[in-house]
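Observations on the three-dimensional arrangement
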Amino acid sequence: MTGSESPQRASSAPADDAVVDVRDVHYAIYGRPIFAGLNIRVRRGLITAVMGPSGTGKTTLLRLITGQLFADRGQVSVFGRDIASLPGSQIYATRRRMGMLFQNGALLTDINVFENVAFPVREHTDLPESLIRTLVLTKLEAVGLRGAADLMPAELSGGMARRVALARAIVMDPEVLLYDEPFVGLDPISLGVILRLIKQMNQALGITSIVVSHDVQELATIADQSYLLSGGCVVASGTPQDLARSDSETVHQFMTGSAEGPVKFHYPAPDYASQLLGVDEA
Amino acid sequence: MSTRVVRSGYLLEGVRRFGLTGIFFARLLAACVRSLARPRLIVAQIFNAGARSLIIIMLSGLFTGMVLGLLGQDVLQRFGAETALGEVAALALLKELGPVLTALLFAGRAGTALTSEIGLMRATDQLTAMEVMAVDPMSYVAAPRFLGGLIAMPLLVAIFNVIGLYGAQLIGVGLLGIDRGTFWSQMQSAVSMRDVTEGIVKSVVFGAVVSLIAVNEGYQAEPTAEGVGLATTRTVVASSVLTLLLDYVLTAVFL
């Protein structure tokens, strides 16, 4: 699929390799529309990037996929089943097949790093302690933090917390990993490590990844498929190279980080000069 | 905006909050059954809500008992009945002061801690993370804290009462010279099982109410610094007012 101003997927043919299929989703919060006909298809084994300016509903999309929110209209299918039609127990069963990395890590602050990573294992399995220990240390080693197992979350830097959260997200060997703004506020070393880890998880473990972010350059290096959201729907999709070559004004503005373009930088406001001179108040 | 519209706005908001708390309570009860499978979490919360409130409860109990000793002796001697100090102190503590003061202190110490802890867990996405990990935060976070508070409160009231009686005896017997035997025998003969039951029922009801309000406010708090602060304030205000209101109702029931 190439980038265009109206690339909404028209086909409704069954997509066998689609792990997540978002079809014509409409969603509003307090009457403010977030999505108006959103279509996204995440294929098994690929890294799918969802990009867009702040406030375009990228995190909301992840909450729709995990069944924490439900679409007002349209359908979100996960592993081939409409998440909104599932009973609570089935939604929980679906979530066990997913992992999610939160923007701030969202580690449980009253238990240490080891216990944070062990948390899902203890909750969902009856594995013996020795096996849990091996499993947790293996995952911590993968993110380079085996030595930090005894630290409390408050003792970790932002980058370390996110790596621990990543270890926790993969400890149950999920089929799908959701990343919510994984690159925000990271130093170059941590950023490089997280990028490599996302790629490694995908290549070594075959985990399908959905990365929600607005860091275009970083995503371009790892994503197989990209969607650019704006105004409640997908304005462009394709490989990062497709997006880079797109002649769409919206895509160009987003990829180059320009303040001028179809996506307004300024929140709607009265005339600047009039407001400064107090004309409105009069 | 007219006064009537403002009033109906407050009324609607009050009804909405009452309804939300009712729904939350029903969900919480269901989660309590599930959380019984995690006794370790409940014990941890009994420690957090109970053991960590011990110092303030013991100190308050001691001084309350000492004041009872002083005032009781002063009032009773006007009627030549100062030997009844043990009886007065025991009834005042068991039936009224023990449960009510402990509940008010519990709301200020443990209730606020519960609300702010759960509110901050929401603000930092910890509850959302649990949901995504297919762990129900109602069973893992809310229910153990509610049960911990519910169990801790009667224990704290019992400790408050014991220390309070010791404080009353310290002043009445040690300072004002009432006979020790009279002090305790008067108490033994005057206090009935019904009085003890009244205190226990009050402590359980207050424990349930304060814990429910604290957990509910934390759970429903706006995930912002201001939201958590407001929720904490609401916990103290609502817990205190409801404790005193229910105290009147329960006292009337037991009369």
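Reading the values: the criteria
Residues numbered from 1 in each chain as written. Chains lettered and ligands numbered in written order. Predicted model: local features only at pLDDT ≥ 70, side-chain atom pairs only at ≥ 80, totals over all residues. Heavy atoms only, no water. Helix = DSSP H or I, 4+ residues; strand = E, 2+ residues; numbered from the N terminus. Rg over C-alpha atoms; globule rule 2.2 N^0.38 Å. Buried < 20%, exposed > 50% of the residue type's maximum accessible area, 1.4 Å probe, protein only. Contact = heavy atoms within 4.5 Å. Axes fitted to C-alpha atoms, helices over the stretch in contact; angles between N-to-C directions. Parallel < 35°, antiparallel > 145°, perpendicular 65-115°, else oblique. Left-handed = near helix turned anticlockwise from the far one by under 90°. Salt bridge = Lys/Arg side-chain N within 4 Å of Asp/Glu carboxyl O. Nonpolar A, V, L, I, M, F, W, Y, C, P; charged D, E, K, R; others polar. Phe/Tyr/Trp six-rings, centres within 6.5 Å; stacked < 30°, edge-to-face > 60°. Pairing = 2+ DSSP bridges. Buried area = accessible area lost by both parts, 1.4 Å probe. Polar contact = N/O pair within 3.5 Å; in protein donor to acceptor, adjacent residues only side chain to side chain. 1 Å grid on protein atoms, 1.4 Å probe; cavity = no way out; pocket = protein on both sides within 12 Å on 5 of 7 lines; lining within 4 Å. Points joined across faces, edges and corners; volume = space filled by probe spheres on them. pLDDT = per-residue confidence, 0-100.

**Regarding the overall build of chain A**
- Along chain A, the regular secondary structure elements total 10 helices and 10 strands.
- For 282 residues, the compact-globule estimate of 2.2 N^0.38 gives 19 Å, and chain A sits close to it at 20 Å.
- The principal-axis extents of the C-alpha atoms in chain A amount to approximately 70 × 50 × 35 Å.
- Across the 282 residues of chain A, 50% fall into the buried class.
- Within chain A, contacts between residues separated by at least 24 positions form 65% of all contacts whose residues are at least 6 apart in sequence.

**Quick look at the packing of helix H4 (residues 85–123) of chain B against helix H9 (residues 225–254) of chain B**
All names here are of chain B.
- Axis separation between H4 and H9 bottoms out at 9 Å; the angle between their running directions is 155 degrees. Classed by the angle they form, the pair H4 and H9 counts as roughly antiparallel. Where H4 crosses over H9, the handedness of that crossing is right-handed. Across the interface between the two elements, Glu-96, Val-100, Ala-103, Leu-104, Ala-107, Gly-111, Thr-112, Thr-115, Ser-116, Gly-119 and Leu-120 of H4 pack against Val-228, Ala-231, Thr-232, Thr-235, Val-236, Ser-239, Ser-240, Thr-243, Leu-244, Asp-247 and Thr-251 of H9.

**Description of the pattern of salt bridges**
- What the rule picks out here adds up to 22 salt bridges over all chains.
- Salt-bridge contacts for Lys-58 of chain A lead to Glu-181 of chain A; the nearest nitrogen and oxygen are separated by 3.7 Å. Placement of Lys-58 of chain A in helix H1 (residues 58–65) and of Glu-181 of chain A in the loop between strand S7 (176–180) and helix H6 (188–205) is noted, with a sequence separation of 123 residues between them.
- By relative accessible area, which is 6% here, Glu-181 of chain A ends up buried.
- Here Asp-136 of chain B makes a salt bridge to Arg-34 of chain B, at a shortest N to O gap of 2.8 Å. Of the two residues, Asp-136 of chain B is situated in the loop between helix H5 (126–132) and helix H6 (137–175) and Arg-34 of chain B in helix H1 (residues 3–35); the sequence distance between them amounts to 102 residues.

**Points about the packing of H4 of chain B against helix H8 (residues 193–220) of chain B**
All names here are of chain B.
- Following both chains from N to C, one finds H4 and H8 inclined at 15 degrees, their axes separated by 8 Å at the closest point. Taken together, the axes of H4 and H8 lie roughly parallel to each other. In this structure, H4 crosses over H8, and the sense of that crossing is right-handed.
- Of the residues assigned to the contact of H4 with H8, the class counts are 15 nonpolar, seven polar and seven charged.

**Points about the packing of aromatic side chains**
Residues and elements named next belong to chain B.
- Enumeration over the complete set of coordinates arrives at four aromatic pairs over all chains.
- Between Phe-24 and Tyr-219 the ring centres are 5.4 Å apart and the planes differ by 50 degrees, which places this aromatic pair in the tilted class. Placement of the pair is Phe-24 in helix H1 and Tyr-219 in helix H8, with a sequence separation of 195 residues.
- Taking relative accessible area as the criterion, Phe-24 reaches 1% and is therefore assigned buried.

**Focus: the pairing of strand S3 (residues 47–51) of chain A**
Residue and element names in this part refer to chain A.
- With five of five residues buried, S3 lies mostly within the body of the structure.
- The alternating pattern of S3 places Ile-47, Ala-49 and Met-51 and Thr-48 and Val-50 on opposite faces, both of which are buried.
- Direction of pairing for S3 relative to strand S8 (residues 208–213): parallel, over a ladder of five bridges. Of the residues in S8, the one forming a bridge with Thr-48 is Ile-210.
- In this sheet, strand S9 (residues 225–230) lies alongside S3 in parallel orientation, the contact comprising four bridges. Looking at S9, one finds that Ala-49 is bridged to Ser-226.

**A look at the sheet that holds strand S4 (residues 73–78) of chain A**
All names here are of chain A.
- Read from one edge of the open sheet, four strands run S2-S1-S4-S5, paired in antiparallel fashion. The open sheet has two edge strands with one neighbour each: strand S2 (32–43) and strand S5 (81–82).
- By the bridge criterion, nine bridges tie strand S1 (residues 18–29) to S2 in an arrangement that is antiparallel. From the neighbouring strand, Ile-29 faces S2, where its bridge partner is Arg-32.
- Sheet strands touched by H1: S1, S2 and S4. Its angle to S2, the strand with the most contacts, is close to 65 degrees.

**Things to note about the interface of chain B and chain A**
- Taken together, the contacts link 16 residues of chain B with 19 residues of chain A.
- Interface area, chain B with chain A, both sides summed: about 1600 Å², of which 60% is carbon and sulfur.
- Connecting chain B to chain A are five residue pairs in polar contact (both at pLDDT 80 or more).
- Listing elements by their share of the side of chain B that touches chain A, those giving two or more residues are H5 and H6 of chain B.
- No other element matches the six residues that H5 of chain B contributes to the side of chain B that touches chain A.

**Some thoughts on the pairing of strand S10 (residues 233–238) of chain A**
All names here are of chain A.
- Summarising burial for S10: five of the six residues are buried, a large majority.
- Looking at chain direction, S9 and S10 are connected through five bridges and run antiparallel. Bridging from a neighbouring strand, Tyr-227 pairs with Ser-237 of S10.

**Quick word on the environment of Gly-67 of chain A**
Residues and elements named next belong to chain A.
- Summarising the element assignment, Gly-67 is placed in the loop between H1 and S4.
- Spatially, the C-alpha atoms of Gly-67 and Thr-94 are 9.0 Å apart, while their sequence positions differ by 27 residues.
- Setting aside anything within four residues of it in sequence, one finds Gly-67 in contact with Ile-83, Ile-91 and Arg-95.

**Regarding the layout of surface pockets**
- In this model, the largest pocket occupies a volume close to 1500 Å³.
- If you trace the largest pocket, you find 42 residues lining it, with Leu-20, Asn-216, Tyr-219, Gln-220 and Ala-221 of chain B closest to the centre.
- The set of elements that each furnish at least two residues to the lining of the largest pocket consists of S1, H1 and helix H2 (88–95) of chain A together with H1, H4, H5, H8 and H9 of chain B.
- When residues of the lining of the largest pocket are assigned to their parent elements, the largest contribution, nine residues, is made by H1 of chain B.
- Of the residues belonging to the lining of the largest pocket, the class tally is 20 nonpolar, nine polar and 13 charged.

**Focus on the confidence of the model for chain A**
Residue and element names in this part refer to chain A.
- Averaged over every residue, the pLDDT of chain A is 84; the share at 70 or more is 93%.
- Per-element confidence in chain A is highest for helix H3 (residues 113–124), whose mean pLDDT is 94, and lowest for helix H9 (residues 249–256), whose mean pLDDT is 75.
- Below a pLDDT of 50 lies the segment residues 1–14, which in the model reaches 32 contacts outside its immediate sequence neighbourhood of four places, other chains included.

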